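# Structural description and commentary
Here is what each chain is made of, one letter per residue.
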Amino acid sequence: MLRPAVSSDNTRRSVSGLTHVAAVIGDPVRHSLSPTVFNAAFYAAEMDWVYLAFPVPEGSGAQAARMVRTFDIRGMSVTMPHKESVIPAMDELTPVAQRLNAVNCIANADGRLIGHNTDGAGFLASVRDCGFEPTGARCVVLGAGGAARAVILALAEAGAASVAVHNRDPGRGRIAVTLAGEGAVLVADDALVDAVSSADLVVNATPVGMSSGDGSALPEDALHSELFVADLIYHPSETPLLAAAERVGARHCNGAGMLMHQAAEAFRIITGRAAPVDAMAEAMTAALAKRAEEGPQG
Ligand code: NAD
């Protein structure tokens, strides 16, 4: 067994030449919660691994991904703006990463770089954690960006009864809808309230609600008590949409669970071991609480 931690916060072991390295690349990346969450996981699982954040400027994603092989980095998370640009450096993509044309986790399988996307699996695990089962559900997704696309594909693959997509730019929305196959429709502005009134699940995958001046991503009178409302935003922890869901008696969750579960899935992919989910959730909750104390810009 490894020797106890040397750090004051009990999340870091001593590092040696034998220590395995994992990392995240992005720009910006210094405020990423991933190092906190993964290092807590390695500590809890008694693994001689360390997880670092590398700021990599736009345009250098593929080059940084190739360095995974050079430096024998065991796995690398990928965040904005590199999720698409690392793809040419991959030896293989999972079917989900291929459909989404986006990679958020690179596994180094003895020098072969395999591009995964764990956002959709993280989303499904987070709503299931809250007692909502997406199979057979009528779903409305707001947004058509990277997060929305991962959610749309995951809902379709989980056997949702229908997936309706609303986006302020219908052209981008139409492309996202194709991910969900035949049961999917694009919802026009004037049909949104009706679509939500007959839905079981509504997902906010837009940034509306992140900034303090934002209103709710949906009018409150569109919500009803039979609805499950998932907002992918995790900071702030309660968006105007979630406050409205609470008022109408709808079950709801914010994006912290998705963030944690996509990281847990990445941990399993990178290390080949079950993720210490409780330790990861505890580390994320503490980090988000600290960020909340620092205010909206934290
Ligand atoms: P993106 O930029 O790829 O897409 C944003 C989408 O929101 C686009 O469809 C855009 O048209 C729409 N949009 C933007 N501003 C809008 C506005 N004012 N009104 C209506 N629609 C608007 O971003 P993304 O990476 O898909 O992220 C979307 C949200 O999901 C962000 O809030 C992000 O923090 C969150 N997110 C959470 C997780 C998680 O793990 N919880 C993961 C990824 C993204």
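The structure contained in this document is the topic of the report that follows. (Residues numbered from 1 in each chain as written. Predicted model: local features only at pLDDT ≥ 70, side-chain atom pairs only at ≥ 80, totals over all residues. Heavy atoms only, no water.)

## Focus on the overall build of the chain
What counts, and what does not: Helix and strand assignments follow DSSP, with helices taken as H or I runs no shorter than four residues and strands as E runs no shorter than two, numbered in order from the N terminus. For the exposure calls, accessible area comes from a 1.4 Å probe over protein chains only, and a residue counts as buried if that area is under 20% of its type's maximum, exposed if over 50%, partly exposed in between. Throughout, a contact is declared for two residues whenever any of their heavy atoms are within 4.5 Å. Here the Shrake-Rupley method, with its probe set to 1.4 Å, supplies the accessible areas, and only the displayed protein chains count as covering residues. Positive charges are assigned to Lys and Arg, negative charges to Asp and Glu, while His and the chain termini are left out of the count. For this purpose, a charge sits on NZ of Lys, CZ of Arg, CG of Asp or CD of Glu.
On a plain count of helices and strands, the chain comes out with ten helices and twelve strands. Oriented by its inertia axes, the alpha-carbon framework of the chain measures out at about 60 × 40 × 35 Å. In the chain, which comprises 298 residues, the proportion classed as buried is 51%. Put simply, of all contacts in the chain between residues at least 6 apart along the chain, 63% involve residues at least 24 apart. Carbon together with sulfur atoms contributes 52% to the accessible area of the chain, which is approximately 14,000 Å² in total. Seen as two clouds, the 22 positive and the 32 negative side-chain charges of the chain have centres 7 Å apart.

## Some points on the sheet that holds strand β9 (residues 184-186)
Under the convention used in this document: By definition, two strands form a pair when at least two bridges between them are found by DSSP. As a rule, the C-alpha atoms of each element are fitted with a line to give its axis, helices using only the stretch in contact, and angles between N-to-C directions run from 0 to 180 degrees.
Within the open sheet, the six strands sit side by side as β9-β8-β7-β10-β11-β12. Their pairing is parallel. This sheet does not close on itself; its edge strands, each paired only once, are β9 and β12 (251-253). In this sheet, adjacent strand axes meet at a mean angle of 15 degrees when their direction is disregarded. Here strand β7 (residues 138-142) pairs with strand β8 (residues 162-166) via five bridges, running parallel. Along β8, the bridge assignment pairs Val140 with Ala164. Where helix α4 (residues 119-129) meets the sheet, its contacts fall on β10 (201-204), β11 (228-231) and β12, and the angle it forms with β11 comes to roughly 135 degrees.

## Some words on the site of the ligand
Convention followed: When at least one non-hydrogen atom of a residue lies within 4 Å of a molecule or strand, that residue is treated as near it. Throughout this description, a polar contact denotes any pair of N or O atoms lying within 3.5 Å of each other; where both atoms belong to protein, one of them has to be capable of donating a hydrogen while the other can accept it, and for residues adjacent in sequence the pair is counted only when both atoms sit in side chains. Any residue that is not Ala, Val, Leu, Ile, Met, Phe, Trp, Tyr, Cys, Pro, Asp, Glu, Lys or Arg is counted as polar, Gly included; the first ten are nonpolar and the last four charged.
Every one of the 19 residues lining the ligand counts as a neighbour, but Ala144, Ala147, Asn167, Leu232 and Gly255 are closest to it. A distance of 2.8 Å is found between an oxygen atom of the ligand and a backbone nitrogen or oxygen belonging to Ala147. Coverage of the ligand by the protein amounts to 75% of the 860 Å² it exposes when considered alone. Elements represented by at least two residues in the shell around the ligand include exactly α5 (146-157) and α9 (256-271). Taken together, the residues that form the shell around the ligand break down as eleven nonpolar, six polar and two charged.

## What to know about unusual backbone geometry
The step from Met80 to Pro81 runs through a cis peptide bond, and the omega angle for that step is 5 degrees. Of the consecutive residues His235 and Pro236, the connecting peptide bond is found in the cis state with omega at 10 degrees. Relative to the elements of secondary structure, Pro236 occurs in the loop between β11 and α8 (240-248). A positive phi angle is found at Asp72, which is not glycine, with a value near 50 degrees. Secondary-structure assignment places Asp72 in the loop between α2 (61-70) and β3 (75-78). We classify Asp72 as partly exposed; its relative accessible area is 42%. One non-glycine residue, Asp110, lies in the positive phi region at around 50 degrees. With respect to the element layout, Asp110 can be found in the loop between β5 (105-109) and β6 (112-116). Judged by relative accessible area, which is 76%, Asp110 ranks as exposed.

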